[in-house]
Amino acid sequence: MCGITGILAFNEVGRFNLTNLEKATMALAHRGPDNHSTYINHLVGLGHRRLSIIDTSENANQPFEIMDGRYIITFNGEIFNYQSLRKELVSKGIQFKSDSDTEVLLHLYAQEGTRCLERLNGFFAFAIYDTREKSLFIARDRLGIKPLLFFQDEFKFLFASEMSAMMALGIDKAINPEALNYYLQLNYTPAPLTMIEGVKKLEPGHYIFIQNGKVDIQRYYNIPADEENTFTDYNVTKNQLQTLLEKSVARRMIADVPLGCFLSGGIDSSVITAVASNQTQSLKTFSIGFEGNKFFDETQYAELVAKKFKTDHTTFKLTNDEITSHLADIVDHIDEPFADSSAIPVYLLSKKTREHVTVALSGDGADEIFSGYNKHAAWWKIENDTKFKRLISLAQPFAKLMPKSRSGAISNAARQVVRFAEAMKLSPADRYWFLASFTSQSKVDDLLTKPFLNNEQRMSWMNSMNNYKDMNDFLRLDSEFVLPNDMLKKVDLMSMANSLEVRVPFLDHELVDFVFSLPESMKINGSIRKRILQDTYRHILPSELYNRPKKGFEIPLLDWLKSSLKSELTTHLFDRDLIESQGLFSWHEVMALQKQLFSRNPEDSHARVWGLYVFQKWHAKYM
């Protein structure tokens, strides 16, 4: 796990940006504290920050060269099947000077070109320069676990792992109004957009090939769709799932540094812990909880799992004061506005875990591929359960009269009833966007001083929902849209802020392909979500995990905004002179949000306020 950056100049004018390469590389120091280096050859420059995981010796430092300097790579990620690929290359006469997966990847590209991507099992973003052909090859992994940003104009092509490095390379800094529009609805910016005009995200499963000034972007992987389902025996299918997951976990336990596992107490991380504990004598596990707030604290379930599998478990209990004392550091690492508030506990868990290990396994991705969210259950019932729809319709008038927020069981239930009642009225495409968003386009239009309407572009992302057939279509879109733009970005951003590598066994592409070949009925029905995953491991997990409602990795954000963060909001958001001087937001609408936040019926105002606060902090630092 590392940080990468680079420049390919198309002419002498573009070469001026090479003077910024060292600065851009240093901007990624948190991603790779173990080594840094740069490579420059006339029109091209590559930078690398290293977090040593496999072959920790200097032999594996990057940028890495082979064949007398013909091929040079800067690489972020891990290739989990590198050992078998290495044996194959050795049998062809290739000699290696390191034990790294980096060198294996570079030789594989030298042998097979862009087709090498089909051979890789791992997560990655990398760039390879061929000095003979004067070509640059850049690729991102299939599911978008590792990030890659790029910028191009007539003079140059720039790339980096994070926006801070892109800015250090010398791009113009102007806000992308389209990105701001979507950010205010989603609390993150969907690919290929970024908040900076001209900078784009390379989408998952894509590569870029550049030669003679021509930039060609191609897709090399799609999550399977419309597969013929031949699975008839449920028990046989469970065994296949178990085998694939065991192989995935085994691949991700290869490391030359200490390794552990995040353990939240939910089904997903508990399954990963169960599988991993069978492959090592003493697995270290880590969970995080909130002192004095039982609604958001699930550490007791994590401790049940740790006891069951005899792991070396550590629970981090955090007070409000301790959490808020780290907020400045957390927001400081957000170099593009990103306001999923669960990033806060991910940062703190990563920070605490890094004191013990360098690599951690996590259960991320299971909800998106197996159907684990409340919205999946509601969607299924909207499509299949007339009694549910009738009950929601009857409950909606009463729920509207009740306070609604995410901070308590009753208020959260009222919020969900109203939300699901509205979702029932919509077409699949509009319903998906509604469930993915914190706020509506009309509210964003009211908030922005210059509204940016772009429903046509939004609907192009939702095209697959226009031909919706079953839950697999919903899950596929979640895996292509929400997963890389929100969930995986959060984990990468917050873990790498602490130089911790997080590996996600549920997103092994062989496992993902298998899961998307399964019929909807194996994933969800009227009484259970993630059906096949839960049933496969039911016999070994503590029964208590199966008798409680689904709860995400949430935090008491509403309480914090109304108490310990109140002065921060006053300084950075609820300041009329500041808002009006920016010229971006309506002061009247900002005040309306403030009023709702401190009312008895805050609904989702805390998420919108947090999104604006993060944006303001980012704007003050970078713009």
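Attention in this report is confined to the structure presented alongside it. (Residues numbered from 1 in each chain as written. Predicted model: local features only at pLDDT ≥ 70, side-chain atom pairs only at ≥ 80, totals over all residues. Heavy atoms only, no water.)

### Points about the pairing of strand S13 (residues 259-262)
No. 1: Strand direction decides the pairing type here: S13 and strand S16 (residues 359-361), joined by three bridges, are parallel. Among the inter-strand pairings, Leu259 is bridged to a residue of S16, identified as Val359.
No. 2: For S13 and strand S14 (residues 284-290), the ladder comprises three bridges, and the chain directions are parallel. Among the inter-strand pairings, Cys261 is bridged to a residue of S14, identified as Thr285.
No. 3: Crossover connection from S13 via helix H7 (residues 267-277) to parallel S14: handedness right-handed. (Pairing = 2+ DSSP bridges. Helix = DSSP H or I, 4+ residues; strand = E, 2+ residues; numbered from the N terminus. Right-handed = clockwise from strand over helix to strand, strands pointing away.)

### So, H7
No. 1: For H7, the tally of buried residues reaches eleven of eleven residues, placing the bulk of the element in the interior.
No. 2: When H7 is considered as a whole, its buried residues turn out to be Ile267, Asp268, Ser269, Ser270, Val271, Ile272, Thr273, Ala274, Val275, Ala276 and Ser277. (Buried < 20%, exposed > 50% of the residue type's maximum accessible area, 1.4 Å probe, protein only.)

### Quick look at the environment of Ile217
No. 1: Relative to the elements of secondary structure, Ile217 occurs in strand S12 (residues 214-219).
No. 2: The sequence separation of Ile217 and His206 amounts to eleven residues, and the corresponding C-alpha distance is 7.0 Å.
No. 3: Other than its neighbours up to four places away in sequence, Ile217 contacts Phe150, Leu202, His206, Tyr207 and Ile208. (Contact = heavy atoms within 4.5 Å.)

### Topic: unusual backbone geometry
No. 1: The residue after Gln62, namely Pro63, is reached through a cis peptide bond having omega -5°.
No. 2: Here Pro63 is to be found in the loop between strand S3 (44-50) and strand S4 (64-66).
No. 3: Backbone torsion omega between Ala191 and Pro192 reads 5°, so that peptide bond is classified as cis.
No. 4: With respect to the element layout, Pro192 can be found in the loop between helix H5 (177-186) and strand S10 (200-201).
No. 5: The phi dihedral of His42 falls on the positive side, at around 55°, and the residue is not glycine.
No. 6: Relative to the helices and strands, His42 resides in the loop between strand S2 (35-41) and S3.
No. 7: Although it is not a glycine, Asn212 sits at a positive phi angle of roughly 55°.
No. 8: Turning to its location among the elements, Asn212 is positioned in the loop between strand S11 (206-211) and S12.

### Comments concerning the side chain of Ser52
No. 1: Within the secondary structure, Ser52 is located in the loop between S3 and S4.
No. 2: Classification of Ser52 as buried rests on a relative accessible area of 10%.
No. 3: One polar contact links Ser52 to Arg50, side chain to side chain, over a distance of 3.4 Å.
No. 4: If we ignore the near neighbours within four places in the chain, the residues touching Ser52 are Asp34 and Val257. (Polar contact = N/O pair within 3.5 Å; in protein donor to acceptor, adjacent residues only side chain to side chain.)

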